Amino acid sequence: MSPLPLITAMAQAELRDGSVITVNGESLGVGQKAFIQDEEIKGTAPSLAQ
C-alpha cells in the first residue's frame, strides 16, 4: 500500500498594501483578517482601526 498524498489547503490573501499572495492553511471568510507568517495562515486577527 502506498502512502496518501499530502493535501494542503491554499487561499489568496490581500495584504494591507493591496498586493495579493497565496497562503497555506485554513481559509477564512471574505473580509476576515488573519495572522500570516511564512506564507501560512496562523489564525484569525481582530479588526483594528488603521
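Worth saying up front: this structure is predicted, and the values here are computed from it rather than measured.

A. Main features of the pairing of strand β1 (residues 10–14). Of the two faces of β1, only the one carrying A11 and A13 is buried; M10, Q12 and E14 on the other face are not. Hairpin geometry of β1 and strand β2 (residues 20–24) is characterised by an intervening segment of five residues between the two adjacent antiparallel strands and by a positive phi of about 95° at G18.

B. Spotlight on the confidence of the model for the protein chain. Taken residue by residue, the protein chain gives an average pLDDT of 82. The fraction at 70 or more is 82%. When pLDDT is averaged over each helix and strand of the protein chain, the minimum, 86, is found for β1 and the maximum, 91, for β2.

C. Expanded view of the pattern of salt bridges. According to the stated counting rule, one finds one salt bridge in the structure shown. Of the charged contacts in the structure, one is a salt bridge between E40 and K42, with a shortest N-O distance of 3.8 Å. By relative accessible area, E40 is classed as partly exposed at 35%. On the accessibility criterion, K42 (48% relative accessible area) is partly exposed.

D. Inspection of the pairing of β2 at higher detail. Pairing analysis gives five bridges linking β1 to β2, with the strands arranged antiparallel. Opposite M10, over in β2, you have N24 as the bridge partner.

E. Seen up close, the environment of L48. Secondary-structure assignment places L48 in the segment after β4 (40–45). Placed 15 residues apart in sequence, L48 and K33 show a C-alpha to C-alpha distance of 9.6 Å.

About the cut-offs
Residues numbered from 1 in each chain as written. Predicted model: local features only at pLDDT ≥ 70, side-chain atom pairs only at ≥ 80, totals over all residues. Heavy atoms only, no water. Buried < 20%, exposed > 50% of the residue type's maximum accessible area, 1.4 Å probe, protein only. Helix = DSSP H or I, 4+ residues; strand = E, 2+ residues; numbered from the N terminus. Pairing = 2+ DSSP bridges. pLDDT = per-residue confidence, 0-100. Salt bridge = Lys/Arg side-chain N within 4 Å of Asp/Glu carboxyl O.

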